[in-house]
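Structural description and commentary
Given next are the chains, with one letter for each unit.
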Amino acid sequence: MNQSTLGIVKPDAVKAGSLGAILERLESGGLTVVGLKMIHLTGEMAQGFYRVHRNRPFFDSLTGFMSEGPCVVMVLQGENAIERWRDLMGATDPAQAGEGTIRKDFGQNIERNAVHGSDSPESANIEIPYFFNALELAG
Ligand code: IDP
Ligand code: MG
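Residues numbered from 1 in each chain as written. Chains lettered and ligands numbered in written order. Predicted model: local features only at pLDDT ≥ 70, side-chain atom pairs only at ≥ 80, totals over all residues. Heavy atoms only, no water.

Focus: helix H5 (residues 81-89)
- Every buried residue belonging to H5 is among Ala 81, Ile 82, Trp 85 and Met 89, and all of these are buried. Along the long axis of H5, the arc covered by the buried residues comes to 105°, so they all point the same way. Counted as exposed and oriented over 90 degrees from the buried face of H5: Glu 83 and Asp 87.
- Among the residues trailing H5, Gly 90 stands out with phi positive, at a value near 90°. (Buried < 20%, exposed > 50% of the residue type's maximum accessible area, 1.4 Å probe, protein only. Helix = DSSP H or I, 4+ residues; strand = E, 2+ residues; numbered from the N terminus. Arc of directions from axis to C-beta.)

Re the sheet that holds strand S3 (residues 71-79)
- Here four strands make up an open sheet; going across it, the order is S2-S3-S1-S4 and the pairing antiparallel. At either margin of the open sheet sits one strand with a lone partner, and together these are strand S2 (32-39) and strand S4 (115-117). Here the average twist between neighbouring strands, direction ignored, is 20°.
- Note that S2 and S3 share seven bridges and pair antiparallel. Note that in S3 the partner of Val 33 across the bridge is Leu 76.
- Strands strand S1 (2-9), S3 and S4 of the sheet are contacted by H5, whose axis makes an angle of about 35° with S1.
- Against the sheet, helix H7 (residues 121-131) engages S1, S2, S3 and S4, with an angle of about 55° to S1. (Pairing = 2+ DSSP bridges. Axes fitted to C-alpha atoms, helices over the stretch in contact; angles between N-to-C directions. Contact = heavy atoms within 4.5 Å.)

In short, the description is geometric, and any link to function would need to be established separately.
Now the structure itself:
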(Lines give C-alpha, C1' and ligand atoms only; values in the text may rest on other atoms or scores of the structure.)
(Ligands and ions follow the chains in the order given, each with its own letter.)
Protein backbone atom coordinates (compact mmCIF):
# COMPACT_ATOMS: atom_id res chain seq x y z
CA MET A 1 0.00 0.00 0.00
CA ASN A 2 1.48 3.32 -1.06
CA GLN A 3 1.40 5.65 1.94
CA SER A 4 2.55 9.06 3.07
CA THR A 5 4.02 9.88 6.45
CA LEU A 6 5.37 12.95 8.19
CA GLY A 7 9.05 12.88 9.08
CA ILE A 8 11.02 15.45 11.05
CA VAL A 9 14.77 15.78 11.37
CA LYS A 10 14.79 17.27 14.85
CA PRO A 11 16.89 20.27 15.97
CA ASP A 12 19.59 18.09 17.56
CA ALA A 13 20.31 16.28 14.30
CA VAL A 14 20.14 19.43 12.15
CA LYS A 15 22.59 21.16 14.51
CA ALA A 16 24.92 18.15 14.46
CA GLY A 17 25.08 18.25 10.65
CA SER A 18 23.35 14.89 10.26
CA LEU A 19 20.65 16.01 7.81
CA GLY A 20 22.38 14.68 4.69
CA ALA A 21 23.17 11.33 6.26
CA ILE A 22 19.57 10.92 7.45
CA LEU A 23 18.19 11.78 4.00
CA GLU A 24 20.55 9.19 2.53
CA ARG A 25 19.22 6.57 4.97
CA LEU A 26 15.61 7.16 4.09
CA GLU A 27 16.16 7.30 0.34
CA SER A 28 18.19 4.10 0.33
CA GLY A 29 15.51 2.64 2.60
CA GLY A 30 12.93 2.93 -0.16
CA LEU A 31 11.22 6.21 0.74
CA THR A 32 10.71 9.17 -1.58
CA VAL A 33 10.71 12.78 -0.39
CA VAL A 34 7.64 14.56 -1.80
CA GLY A 35 7.76 17.62 0.46
CA LEU A 36 10.54 19.19 2.53
CA LYS A 37 11.25 22.43 4.33
CA MET A 38 13.39 23.82 7.11
CA ILE A 39 11.45 25.61 9.81
CA HIS A 40 12.29 27.02 13.24
CA LEU A 41 9.21 26.13 15.29
CA THR A 42 7.88 28.54 17.87
CA GLY A 43 7.06 27.09 21.27
CA GLU A 44 3.37 27.34 20.39
CA MET A 45 3.83 25.39 17.15
CA ALA A 46 5.76 22.66 18.97
CA GLN A 47 3.06 22.49 21.66
CA GLY A 48 0.38 22.21 18.98
CA PHE A 49 2.23 19.49 17.13
CA TYR A 50 2.78 17.41 20.29
CA ARG A 51 -0.59 18.23 21.90
CA VAL A 52 -1.36 14.50 22.36
CA HIS A 53 1.51 14.49 24.88
CA ARG A 54 0.38 17.63 26.75
CA ASN A 55 -0.19 15.77 30.03
CA ARG A 56 3.12 13.90 29.95
CA PRO A 57 5.86 15.00 32.37
CA PHE A 58 8.30 15.61 29.50
CA PHE A 59 5.97 17.93 27.52
CA ASP A 60 7.62 21.27 28.43
CA SER A 61 11.10 19.91 27.93
CA LEU A 62 10.16 18.25 24.62
CA THR A 63 8.49 21.34 23.17
CA GLY A 64 11.40 23.50 24.36
CA PHE A 65 13.82 21.18 22.58
CA MET A 66 11.75 21.12 19.39
CA SER A 67 11.77 24.93 19.26
CA GLU A 68 15.42 25.50 20.21
CA GLY A 69 16.63 25.58 16.60
CA PRO A 70 15.60 24.76 13.05
CA CYS A 71 14.25 21.38 12.13
CA VAL A 72 13.44 19.86 8.75
CA VAL A 73 9.89 18.68 8.17
CA MET A 74 9.22 16.33 5.28
CA VAL A 75 6.56 14.18 3.70
CA LEU A 76 7.80 10.72 2.78
CA GLN A 77 6.06 8.38 0.40
CA GLY A 78 6.45 4.71 -0.39
CA GLU A 79 5.18 1.20 0.15
CA ASN A 80 4.04 0.98 3.80
CA ALA A 81 5.81 4.29 4.36
CA ILE A 82 4.58 4.73 7.94
CA GLU A 83 5.97 1.45 9.26
CA ARG A 84 9.01 1.62 6.96
CA TRP A 85 10.02 5.02 8.33
CA ARG A 86 9.40 3.91 11.93
CA ASP A 87 11.61 0.86 11.27
CA LEU A 88 14.38 3.02 9.80
CA MET A 89 14.14 5.39 12.81
CA GLY A 90 14.29 2.71 15.50
CA ALA A 91 12.93 2.78 19.05
CA THR A 92 12.13 6.09 20.78
CA ASP A 93 15.07 5.65 23.17
CA PRO A 94 18.32 5.46 21.17
CA ALA A 95 19.72 3.16 23.87
CA GLN A 96 16.99 0.64 22.98
CA ALA A 97 17.12 1.18 19.21
CA GLY A 98 18.36 -1.59 16.94
CA GLU A 99 21.71 -1.64 15.16
CA GLY A 100 21.75 0.43 11.99
CA THR A 101 18.73 2.55 12.90
CA ILE A 102 18.81 6.33 12.67
CA ARG A 103 18.09 6.87 16.36
CA LYS A 104 20.81 4.42 17.35
CA ASP A 105 23.36 6.21 15.18
CA PHE A 106 22.28 9.86 15.51
CA GLY A 107 20.15 10.14 18.67
CA GLN A 108 21.56 11.31 21.98
CA ASN A 109 18.88 10.28 24.48
CA ILE A 110 15.15 9.49 24.73
CA GLU A 111 14.23 13.13 24.15
CA ARG A 112 16.96 14.24 21.74
CA ASN A 113 16.43 11.32 19.40
CA ALA A 114 17.12 12.88 15.99
CA VAL A 115 13.88 12.12 14.13
CA HIS A 116 10.09 11.97 14.28
CA GLY A 117 7.71 9.77 12.32
CA SER A 118 3.93 9.49 12.29
CA ASP A 119 2.76 6.41 14.20
CA SER A 120 -0.43 5.60 12.21
CA PRO A 121 -2.42 6.67 9.14
CA GLU A 122 -4.65 8.71 11.46
CA SER A 123 -1.62 10.57 12.86
CA ALA A 124 -0.15 11.12 9.38
CA ASN A 125 -3.46 12.62 8.23
CA ILE A 126 -3.23 15.17 11.05
CA GLU A 127 0.53 15.76 11.02
CA ILE A 128 1.09 16.25 7.28
CA PRO A 129 -1.39 19.17 6.94
CA TYR A 130 0.00 20.69 10.15
CA PHE A 131 3.07 21.64 8.08
CA PHE A 132 2.18 21.31 4.38
CA ASN A 133 -0.60 22.39 2.07
CA ALA A 134 -1.42 20.45 -1.12
CA LEU A 135 0.53 22.86 -3.35
CA GLU A 136 3.74 22.07 -1.43
CA LEU A 137 3.56 18.33 -2.11
CA ALA A 138 4.83 16.78 -5.33
CA GLY A 139 3.86 13.31 -6.45
P1 IDP B 1 7.99 8.44 19.14
O2 IDP B 1 8.67 9.72 18.67
O3 IDP B 1 8.90 7.26 19.02
O4 IDP B 1 6.65 8.21 18.47
P5 IDP B 1 6.50 9.27 21.51
O6 IDP B 1 6.19 8.39 22.67
O7 IDP B 1 5.39 9.64 20.58
O8 IDP B 1 7.72 8.59 20.71
O9 IDP B 1 7.14 10.60 22.12
C10 IDP B 1 7.30 11.74 21.31
C11 IDP B 1 8.67 12.32 21.57
O12 IDP B 1 8.73 12.74 22.93
C13 IDP B 1 9.83 11.34 21.43
O14 IDP B 1 10.28 11.16 20.10
C15 IDP B 1 10.88 11.99 22.30
O16 IDP B 1 11.51 13.10 21.64
C17 IDP B 1 10.03 12.54 23.44
N18 IDP B 1 9.93 11.58 24.57
C19 IDP B 1 9.24 10.42 24.61
N20 IDP B 1 9.35 9.82 25.79
C21 IDP B 1 10.14 10.62 26.55
C22 IDP B 1 10.63 10.55 27.89
O23 IDP B 1 10.36 9.61 28.65
N24 IDP B 1 11.43 11.58 28.31
C25 IDP B 1 11.75 12.64 27.50
N26 IDP B 1 11.30 12.76 26.24
C27 IDP B 1 10.51 11.75 25.77
MG1 MG C 1 4.92 9.33 18.59
